Amino acid sequence: MQGRMRILLALTTTLALAACGDFNKELGAEVDNGNFGNATMNNTMLQTGAMDYRVALGQRFASEVPSTVTFPFNSSQLTGEAMAALDHQANWMRQFPELRFSVYGHTDLVGSNAYNKALGLRRAKTVVAYLDRRGISRSRLDALVSYGKTQPVIPTPGPERKNRRTVTEVSGFVKNQPAPLNGKYAAVIMREYITLAERRHPANRVVVVQSQPEG
């Protein structure tokens, strides 16, 4: 009997401690796995400068579209796979007309530094030209000086497709931006969370009422 009482007491204590722990959790923690309030936190960090808006938008771009395209050996011609990836980039860019982008060219380690630097730049210019044909103004795009073969993904001296690439990144709204959150970033927020918010209403139901039921 005493043994059962000890077990019952231990279970009661465990349940009480668990209940106390639940009181200390943020409301809604079980619903969103502890991410409750992140939107407010991120917004505050952007406004105070704790999180640079270029970094935040750059991370979003890289997570939502393929930011890297690869090329055949010793070529700046776009493959079908590369064009498909750039179509995704163009679609994303059209949603954010306030943003500017930079395209960086890279090569594998075959060949001289001078040749690869020129090749990487041709690849970057090819990407910019393709995005321009997809409706993205060249004023929003920069084909930057190539890194050539100085930043390989896979450090091998032989031909490597993953090294023959361009990388597209968010470069900001305008040069020498005075503040991390300005009217242009506010316009993005307005468009995404208010202007484009879909407010769907349930369809009207027609209720038929029989005023004179048959006897």
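See the structure printed just above.
Heads up: these notes are all about the structure in this document. Computed from a predicted model, the values in this text were never measured in an experiment.

## A word on the overall build of the protein chain
When helices and strands are tallied, the protein chain shows 7 helices and 4 strands. Each helix and strand of the protein chain, placed in order from N terminus to C terminus, yields the pattern α-α-α-α-β-α-β-α-β-β-α. Counting over 215 residues, the protein chain shows a buried share of 29%. Considering only residue pairs separated by 6 or more positions, the protein chain has 74% of its internal contacts joining residues 24 or more positions apart. For the protein chain, the exposed surface amounts to about 14300 Å²; the carbon and sulfur share of it is 58%.

## Examining helix H4 (residues 53-64)
For the α-helix, the turn length of 3.6 residues means that residues three or four positions removed from each other point alike. In this model H4 runs 16 Å from its N-terminal to its C-terminal C-alpha over 12 residues, within 8% of the 16 Å that 1.5 Å per residue would give. Of all the residues in H4, the buried ones are Tyr53, Ala56, Leu57 and Phe61. Mapping the buried residues of H4 onto a view down its axis gives an arc of 135°, with all of them on the same face. Structural note: H4 exposes Gln59 and Ser63 on the side pointing more than 90 degrees away from its buried face.

## Focus: the packing of helix H5 (residues 80-95) against helix H6 (residues 113-133)
Remark: H5 packs on H6, axes separated minimally by 10 Å, with the N-to-C direction vectors making an angle of 60°. Classed by the angle they form, the pair H5 and H6 counts as oblique. Between H5 and H6 lies a crossing of right-handed hand. Here Met83, Leu86, Asp87, Gln89, Ala90 and Met93 of H5 lie close against H6, whose contacting residues are Val127, Tyr130 and Leu131.

## Examining the sheet that holds strand E3 (residues 141-143)
Ordered by their spatial adjacency, 4 strands build an open sheet running E1-E4-E2-E3, and the pairing between neighbours is mixed. In this open sheet, the two edge strands, each paired with only one partner strand, are strand E1 (68-70) and E3. Strand-to-strand twist across the sheet, computed as the mean angle between neighbouring axes with direction ignored, equals 20°. For E1 and strand E4 (residues 165-172), the ladder comprises 3 bridges, and the chain directions are antiparallel.

## As for the side chain of threonine 168
In this structure, threonine 168 sits in strand E4. At a separation of 2.9 Å, a polar atom in the side chain of threonine 168 contacts the side chain of glutamine 89. Excluding residues that lie within four positions of it along the chain, threonine 168 makes contacts with Phe61, Ser67, Gln89, Met93, Phe101, Ser102, Val103 and Val127.

## Comments concerning the packing of H4 against H5
Orientation of H4 relative to H5, taken along the N-to-C sense of each, is 140°, at an axis distance of 10 Å. By the angle class used here, H4 and H5 are oblique. Note that H4 runs across H5; the crossing there is right-handed. Along the contact surface, H4 presents Leu57, Arg60, Phe61 and Glu64, while H5 presents Gln89, Trp92 and Met93. For the contact of H4 with H5, the class distribution of residues is 4 nonpolar, 1 polar and 2 charged.

## Digging into the pattern of salt bridges
In total, this model carries 5 salt bridges according to the counting rule given. In this structure, arginine 134 and aspartate 87 form a salt bridge, with 3.0 Å as the shortest nitrogen-oxygen distance. With arginine 134 in the loop between H6 and E3 and aspartate 87 in helix H5, the pair connects residues that are 47 residues apart, well separated along the chain. The salt bridge involving aspartate 108 is made with arginine 164; its shortest N-O contact spans 3.1 Å.

## Things to note about H5
In this model H5 runs 23 Å from its N-terminal to its C-terminal C-alpha over 16 residues, within 8% of the 22 Å that 1.5 Å per residue would give. Of the residues making up H5, those classed as buried are Ala82, Ala85, Leu86, Gln89, Ala90, Trp92 and Met93. Down the axis of H5, the buried set is contained in an arc of 165°. They therefore lie on one face. Of the exposed residues in H5, those oriented more than 90 degrees away from the buried face are Gly80 and Glu81. For H5, the secondary structure elements touched by its buried residues are H4, E1, strand E2 (100-105), H6, E3 and E4.

## Points about the packing of aromatic side chains
Counted under the stated rule, the structure contains 5 aromatic pairs. Centre to centre, the rings of tryptophan 92 and phenylalanine 96 are 4.4 Å apart; their planes meet at 25°, and the pair counts as stacked. Comparing tryptophan 92 with phenylalanine 96 shows no difference in burial state: the two are buried. Measuring from ring centre to ring centre gives 5.7 Å for tyrosine 104 and tyrosine 147, while their planes differ by 25°; the resulting arrangement is stacked.

What counts and how
- Residues numbered from 1 in each chain as written.
- Predicted model: local features only at pLDDT ≥ 70, side-chain atom pairs only at ≥ 80, totals over all residues.
- Heavy atoms only, no water.
- Helix = DSSP H or I, 4+ residues; strand = E, 2+ residues; numbered from the N terminus.
- Buried < 20%, exposed > 50% of the residue type's maximum accessible area, 1.4 Å probe, protein only.
- Contact = heavy atoms within 4.5 Å.
- Areas by Shrake-Rupley, 256 points an atom, 1.4 Å probe, with all protein chains shown as cover.
- Expected span 1.5 Å × (residues − 1).
- Arc of directions from axis to C-beta.
- Axes fitted to C-alpha atoms, helices over the stretch in contact; angles between N-to-C directions.
- Parallel < 35°, antiparallel > 145°, perpendicular 65-115°, else oblique.
- Left-handed = near helix turned anticlockwise from the far one by under 90°.
- Pairing = 2+ DSSP bridges.
- Polar contact = N/O pair within 3.5 Å; in protein donor to acceptor, adjacent residues only side chain to side chain.
- Nonpolar A, V, L, I, M, F, W, Y, C, P; charged D, E, K, R; others polar.
- Salt bridge = Lys/Arg side-chain N within 4 Å of Asp/Glu carboxyl O.
- Phe/Tyr/Trp six-rings, centres within 6.5 Å; stacked < 30°, edge-to-face > 60°.

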